[in-house]
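# A closer look at the structure
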Amino acid sequence: MQKLGTVVGMVLDWPLGLVGMVQSMLTDMRCRTAKPRERLYRLNDRDGLYLEVKPNGVKAFRYRFKLGGKESMMGLGEYPATPLSEAREKALAARKLVKDGFNPVQQKQLDKARQELGRSNTLSLIAAEWLATKDWEDVTKKRRLDMLQRVVFPALGKLPVRDITAHQVLAILQATHARAPSVAAEAKRTLSAIFQFAVATLRADIDPVWPVRNALPKNKTQHKTALTKEQVGKLLREIGEHKGNFMTIQAFRLLWYTLLRANEVAAAEWSEIDLEKRVWTIPAERMKARRPHSIYLTDQALEIFRGMQPQTGKYKYVFTGRDSKQMPIAIATFRQLLYKNGWTGTFSPHGTRTTGSTMLHEMGHRSELIEAQLAHIDQNQVRRTYNHTDYFSERAKMMQEWCDFLDGVSKNGGNCDA
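Residues numbered from 1 in each chain as written. Predicted model: local features only at pLDDT ≥ 70, side-chain atom pairs only at ≥ 80, totals over all residues. Heavy atoms only, no water.

Right, let's get into the overall build of the protein chain. Each helix and strand counted, the protein chain has 18 helices and 7 strands in total. Within the protein chain, the fraction of its 418 residues that count as buried is 42%. Across the protein chain, the fraction of contacts at a sequence separation of at least 24, relative to all contacts at a separation of at least 6, is 56%. Accessible area of the protein chain: about 23,900 Å², with a carbon and sulfur share of 53%. (Helix = DSSP H or I, 4+ residues; strand = E, 2+ residues; numbered from the N terminus. Buried < 20%, exposed > 50% of the residue type's maximum accessible area, 1.4 Å probe, protein only. Contact = heavy atoms within 4.5 Å. Areas by Shrake-Rupley, 256 points an atom, 1.4 Å probe, with all protein chains shown as cover.)

Here it is as structure tokens:
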């Protein structure tokens, strides 16, 4: 009782204005028990905040402010969905904006617009824009998009790019690394590039891949050792006897007869082939070094193209896709062919070039001829120019010898003379 009397005495000692202000301030009970009247009325709180009670019973918090000599008001939400404590927090934030010279109504509209824009800038949308900026060949873009659709988009594709966290990125990379380390490494590089593009176009603040870039074990590239003559003979013989897709087998044989990259063979176009002059010229946009590359068509390579002409000569691509004749075969078909024949883990399509380079050196051919055939860039400018002119006839002889050698080992089990 003594404490209560002390409190009452303190209140009685307050100035009348302060007592009146305390009595007029809103409480949750006052908000809850406020009844509608014939006309709209307001219950004041403090510092411009009040509760507006409409005749239809709707109660809404509003904040009245003055900026530049002009009085305005803004809505802070309906009661009870917006409790009194939250309305006061919103009013306090609005007062700070007014104090700094900003209109809180306009700021609210800007924030809403940014949120809507952020929701529309999904990862899949930004990824599509990023891919469009690349001057890669279509088959490369398709392969990268396929990876994103399989690995990344199911979890993150529809999320605003600005909202994606490093934790979400790490979860995807770890799950992918457990089953396919090389795919996880590609996903990490690709995601980082997409986020950097989003930052550069002001649609993201950070690259969330950066904090977790070292979380996964290093993906060491497995460089397959060159096959022996016996292995080459066995591989070509087994592939030749395979009862699989004829087009895939022919494309795989052409890998060996040309020593080109898998994507360069898979996407071969009839417009690049001159059967009369026996020359295949691949344009710069399809080459890794972005330089056009011409190779001589040996007897064996020429035979493959002439055999394919009646089947696909009316189409764009020499080796057409399984589902669409307007698309080239997928590079994955080479790996599937090797898998079905039990060569996975021993040999990869890229290993053709490694084996070819090793054996051509063993056969006594000069390094500059081999490097020119493989379309490797020579760092010497003068020699590089020479490589793509006079070396062509020498490369033609070398590759014919190489193809004859391949036919020999495939027929004789690797016992022919090099």
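Sheet architecture is open: 3 strands sit in the order β5-β6-β7, paired in antiparallel fashion. Bordering the open sheet on either side are β5 (273-274) and β7 (293-296), each of which pairs with just one other strand. Pairing of β5 with strand β6 (residues 279-282) involves 2 bridges; the strand directions are antiparallel. Across the sheet, I273 pairs through a bridge with W280, a residue of β6. (Pairing = 2+ DSSP bridges.)

Turning next to the pairing of strand β2 (residues 49-53). Regular strands place their side chains on alternate faces of the sheet. Most of β2 sits inside the fold, with 5 of its 5 residues counted as buried. In β2, alternate side chains face the same way, and those of L49, L51 and V53 on one face and Y50 and E52 on the other are all buried. Bridge count for strand β1 (residues 41-44) against β2 is 4 bridges, and the pairing is antiparallel. Paired with N44 across the strands is Y50, a residue of β2. As consecutive antiparallel partners, β1 and β2 are separated by 4 residues, and within that stretch D47 has a phi angle of approximately 50°, a positive value. Adjacent in sequence and paired antiparallel, β2 and strand β3 (residues 59-67) are bridged by 5 residues, among which G57 carries a positive phi angle near 95°.

Time to look at helix α14 (residues 332-340). Looking at α14, one finds that the buried residues are T333, F334, L337 and L338. End-on view of α14: buried residues confined to an arc of 140°, all on one side of the axis. Exposed residues on α14 whose side chains face more than 90 degrees from its buried face are Y339 and K340. Of the surrounding elements, those touching the buried residues of α14 are α10 (229-241), α11 (246-258) and α12 (262-266). Note on α14: the residue one or two positions beyond its end, G342, has a positive phi of about 80°. (Arc of directions from axis to C-beta.)

A separate point is unusual backbone geometry. Across the junction of Y79 and P80, the peptide omega takes the value 10°, indicating a cis bond. Within the fold, P80 resides in the loop between β4 (70-79) and α4 (84-99). The backbone phi angle of L259 is positive, close to 60°, even though this residue is not glycine. Note that L259 resides in the loop between α11 and α12. The exposure class of L259 is buried, given its relative accessible area of 0%. Phi at A375 is positive, roughly 65°, even though this residue is not glycine.

Across all of its chains, the model carries 7 aromatic pairs by this definition. Among the aromatic side chains, those forming a connected cluster through ring pairs are W270, W280 and F305. Its guanidinium or amino end placed over the ring of Y41, R37 lies 3.8 Å from that ring's centre, counting from NZ or CZ. Sitting over the ring of W210, R213 keeps its end group 3.5 Å from the ring centre. (Phe/Tyr/Trp six-rings, centres within 6.5 Å; stacked < 30°, edge-to-face > 60°. Lys NZ or Arg CZ within 6 Å of the ring centre and 35° of its normal.)

Let us look at the environment of G233. Mapped onto the elements of the fold, G233 is located in helix α10. Along the primary structure G233 and F405 are separated by 172 residues, whereas in three dimensions their C-alpha atoms are 9.8 Å apart. Apart from residues no more than four positions distant in its own chain, G233 is found in contact with V409 and S410.

This brings us to the pairing of β6. Counted along the chain from β5 to the antiparallel partner β6, the turn is 4 residues long, and its residue R278 has a positive phi close to 60°. Pairing geometry for β6 and β7, over 4 bridges, is antiparallel. Pairing of I282 across the sheet is with H293, part of β7.

Here L227 shows up in the loop between α9 (181-200) and α10. The exposure class of L227 is buried, given its relative accessible area of 6%. For L227 and T358, which are 131 residues apart along the polypeptide, the C-alpha to C-alpha distance reads 9.0 Å. Sequence-distant contacts of L227, defined by excluding residues within four places in its chain, comprise V232, L235, W256, T346, F347, T355 and M359.

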